[in-house]
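Architecture at a glance
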2 protein chains.
Amino acid sequence: MTKVAVVGAGQTRYGALQEGGRALFAEAVKAALVTVDRGMAPGEIEEGWIGSVGSGGWQLGNLAALAGEEAGMAGAPMHRVENACASSGFAFRNAYLAVRSGAVEVALAGGVEKMTDLSGVHQRYWLGVSGETEWERLAGLTFAGVYGLIASRHMKEFGTTREDLAHVAVKNHRNGAKNPVAHFRKEITMDDAMNAPPVSEPLHLYDCCPVSDGASAVVLVSEKVVGKYTDSPVWVRGSGAATDLLAVHQRESLTSLRASAVAGKTAMREAVVGHRDIHLAEMHDCFTIAELVAMEDLGFAPKGGAGRMVRNGETEIGGRLPVNPSGGLKSKGHPLGATGTGQICEIFKQLRGKAEKGREVKGAEVALAHNVGGSGATCAVHVLGV
Amino acid sequence: MTKVAVVGAGQTRYGALQEGGRALFAEAVKAALVTVDRGMAPGEIEEGWIGSVGSGGWQLGNLAALAGEEAGMAGAPMHRVENACASSGFAFRNAYLAVRSGAVEVALAGGVEKMTDLSGVHQRYWLGVSGETEWERLAGLTFAGVYGLIASRHMKEFGTTREDLAHVAVKNHRNGAKNPVAHFRKEITMDDAMNAPPVSEPLHLYDCCPVSDGASAVVLVSEKVVGKYTDSPVWVRGSGAATDLLAVHQRESLTSLRASAVAGKTAMREAVVGHRDIHLAEMHDCFTIAELVAMEDLGFAPKGGAGRMVRNGETEIGGRLPVNPSGGLKSKGHPLGATGTGQICEIFKQLRGKAEKGREVKGAEVALAHNVGGSGATCAVHVLGV
């Protein structure tokens with residue numbers, strides 16, 4: 001089996017950006033190539049996978065060919081992957097499998113989303129259809145609504161409090177404030193979080209990730225050619241993916257996403273690592289409650305115990321398991337299709353000791369990325385290590 | 001390197017169907033599993049890739065999870081691939097690479113499209129954005145328009161005639177008339193084709209494929225487990241894929257699709273076959289001229305020589321190289337995302353000697369599938385053999 005390494009990773013800043021999706025993607029590819037120690041031209045990329053949820057909504061279709069062309073990879077086979085907010089987590093899995101197969105030596109995985117400056121219909125439509133339609137969307141249940149239900153149930157079952165959620169928001173804003181690519185580069189206080197206007201009880205404004213534009217890209221290569229590009233590869237140690245029933249009412253539990261648990265177990269088994277071997281994790285915190293549920297589903301906290309871990313500062317940078325040192329979806333932002341490989345960008349930076357001052361996870365050697373699509377209908381988890 | 005085999009393949013009928021996309025996909029998976037000699041339950045499928053262009057347009061999103069769930073594969077990782085009309089050709093490539101990597105032993109590749117009974121806006125939108133937007137779509141150039149330009153230029157450069165195009169239509173309708181899944185199961189005459197109303201000169205009605213609903217699915221397994229499922233596998237011998245510039249005016253030639261040429265060469269090189277080793281081909285004949293151009297780009301005819309081959313009956317069943325024994329997109333139909341794996345379904349049937357009476361390619365052992373997205377912006381080619 002061919003081993004697979006990440007040798008480059010880059011992203012645009014996230015936020016309400018002026019550029020279109022095509023330009024953003026090209027910028028991310030350029031940013032990724034710049035990080036390849038011994039250099040790489042776009043023409044060296046043999047095949048690419050691009051995650052995007054609503055690319056048709058930009059009025060530009062056939063994204064695979066279009067984005068490849070714009071990024072200097074014209075001619076190379078390109079695939080668009082759409083798995084809701086886990087699109088580029090799945091794009092990364094495809095690129096990993098392709099290199100592992102021996103058919104491709106140098107692959108690109110990335111993602112892009114343009115969410116602002118679209119007609120409101122388009123934006124709401126593409127967000128909305130990523131959830132369940134017949135029982136949820138058409139009944140008026142938004143994503144904030146679903147996660148509000150999950151939070152309420154988590155509070156009832158395990159005593160989780162609004163303060164626990166606020167701790168997640170404060171931590172992620174603190175991390176994001178030091179991340180130059182983050183959508184929100186400002187710290188918030190517990191008071192800010194607690195007193196923010198409600199969105200979908202018990203979730204208030206600072207419990208919800210923003211609507212962001214952005215793009216991210218990473219370069220994967222086989223062990224056969226890795227020496228050509230770097231002496232400091234970040235190896236893909238394990239990859240796991242899973243789906244779950246789309247409608248939350250059909251699932252056994254409201255307080256657990258089975259796809260996360262299965263994908264996490266698969267990735268960690270393949271990587272042959274235990275929870276104590278993981279030095280940092282990027283988790284899909286589309287809402288603050290999602291970070292707590294992910295910690296539990298992935299086995300980093302006992303069921304119902306994530307709130308306490310966050311309260312105790314164990315997930316802060318410097319704590320036992322830093323979670324979302326990038327700022328997470330909450331503060332770094334959530335350009336849907338770009339989020340999954342954006343997590344890999346953060347891990348690449350951290351594991352190579354290149355994270356910005358004040359938000360470095362010192363000595364980190366192994367990390368986990370957790371990317372969710374819809375309200376848990378799909379999930380991809382990757383373990384990387386130096 | 002793990003060898004990869006197709007052990008099951010099935011599809012719905014193509015046409016203006018009553019069922020929705022979700023039900024169609026489940027029907028195709030069921031049809032594929034029925035063809036597995038020693039049987040297979042949907043739960044044995046470890047991972048799946050689904051091609052679809054406009055799935056959001058059915059008002060149901062998150063297709064990967066949704067379609068997997070409906071087809072009995074809940075829990076298994078599922079990916080949606082969107083590469084315009086080559087979506088499931090690329091889905092097949094992903095499934096092939098995944099099995100080849102050793103990470104997956106049993107994979108599914110399929111596709112589905114619901115095109116009728118949608119609002120006209122949705123249907124035109126999803127078709128339209130698969131082409132180039134800024135120079136073509138917004139200027140009013142439809143797909144029929146692009147292929148009309150290609151046909152005109154081919155006529156001017158090589159003396160191709162409207163009769164040559166009509167021969168393609170008559171042949172494909174003759175084949176499709178005997179294919180129980182075909183959208184149009186009726187033969188047409190040269191007069192019908194020549195006297196049909198114009199769509200985009202020099203293309204007339206019978207030069208254009210229809211707008212179809214339908215779904216297709218194929219099961220791929222590793223050589224390690226193939227014996228569990230069949231003694232008559234159809235091996236994937238070669239896989240090639242490529243992209244081209246999206247806008248036709250930026251390409252070097254109007255009468256050649258470079259992505260086809262590159263993908264074809266790659267697939268045939270991997271398969272270690274020459275043109276005389278291929279016993280039949282399914283080619284992407286969205287318009288009759290596209291079949292001629294594909295024959296030339298893939299090297300089965302010299303440049304400008306495809307018309308003569310068709311005129312001489314060499315591409316008929318019983319001829320030197322039967323092209324589109326299924327009826328092709330022209331007569332079998334073109335449910336965008338389903339077309340690529342639909343071609344594999346036809347090849348699976350033919351190579352196992354199970355094609356319907358009157359349209360069998362007798363003794364066929366090696367076949368080629370050619371699937372194009374947009375007006376040539378993406379292409380996937382596969383060579384299969386028993």
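Residues numbered from 1 in each chain as written. Chains lettered and ligands numbered in written order. Predicted model: local features only at pLDDT ≥ 70, side-chain atom pairs only at ≥ 80, totals over all residues.

A separate point is the overall build of chain A. Counting secondary structure elements, chain A contains 13 helices and eleven strands. In terms of overall size, chain A behaves like a compact globule, its C-alpha atoms giving a radius of gyration of 19 Å where 386 residues would be expected to give roughly 21 Å. Each principal axis of the C-alpha atoms in chain A carries an extent, and together these give about 55 × 45 × 35 Å. With 386 residues in all, chain A has 66% of them scored as buried. (Helix = DSSP H or I, 4+ residues; strand = E, 2+ residues; numbered from the N terminus. Rg over C-alpha atoms; globule rule 2.2 N^0.38 Å. Buried ≥ 20, exposed ≤ 12 C-beta atoms within 10 Å, placed from the backbone.)

What follows deals with the pairing of strand β10 (residues 366–373) of chain A. Residues and elements named next belong to chain A. Of all the eight residues making up β10, eight are buried; the element is thus mostly covered by neighbouring parts of the structure. Of the two faces of β10, both are covered, the one formed by V366, L368, H370 and V372 as well as the one formed by A367, A369, N371 and G373. Of the strand pairs in this sheet, strand β9 (residues 280–282) and β10 are connected by three bridges, and their pairing is parallel. Counterpart to L280 in the pairing with β10 is A367. (Pairing = 2+ DSSP bridges.)

With an axial shift of 0.0 Å and an RMSD of 0.0 Å, the rotation relating chain A to chain B amounts to 180°. Both copies are brought into coincidence by an operation consistent with a two-fold rotation axis. Closest approach to the rotation axis within chain A is made by the C-alpha atom of S101 of chain A, at a distance of 1.8 Å. (Least-squares fit on C-alpha atoms with pLDDT ≥ 70 in both.)

Quick look at unusual backbone geometry now. Glycine aside, negative phi is the norm for most residues, and most peptide bonds take the trans geometry. All names here are of chain A. For the bond from E201 to P202, the omega torsion is 5°, close enough to zero to count as cis. When you line up the elements, P202 lands in the loop between β5 (198–200) and β6 (203–204). With phi around 55°, V272 is a residue other than glycine that occupies positive phi space. Note on placement: V272 falls in the loop between α9 (258–271) and β9. Take V272: there are 10 C-beta atoms within 10 Å of it, and that puts it in the exposed class.

We now examine the interface of chain A and chain B. Taken together, the contact pairs 44 residues of chain A with 44 residues of chain B. Looking at the side of chain A that touches chain B, the elements that each hand over two or more residues are α2 (63–70), β3 (78–81), α3 (87–101) and β8 (234–243) of chain A. For the side of chain A that touches chain B, the element with the highest residue contribution is α3 of chain A, accounting for six residues. For the side of chain A that touches chain B, a count of residues per class yields 23 nonpolar, 17 polar and four charged. (Contact = placed C-beta atoms within 7 Å. Nonpolar A, V, L, I, M, F, W, Y, C, P; charged D, E, K, R; others polar.)

So, about the environment of W135 of chain A. Residue and element names in this part refer to chain A. With respect to the element layout, W135 can be found in the loop between α4 (120–128) and α5 (143–158). On the basis of neighbour count, W135 is assigned to the partly exposed category, with 14 C-beta atoms found within 10 Å. For the pair W135 and V248, spaced 113 residues apart in the sequence, the C-alpha separation amounts to 9.1 Å.

Our focus in this paragraph is the confidence of the model for chain A. Taken over all residues, the pLDDT of chain A has a mean of 95, while the share at 70 or more is 98%. Here the prediction assigns the complex a pTM of 0.97, and the interface score ipTM is 0.96. (pLDDT = per-residue confidence, 0-100.)

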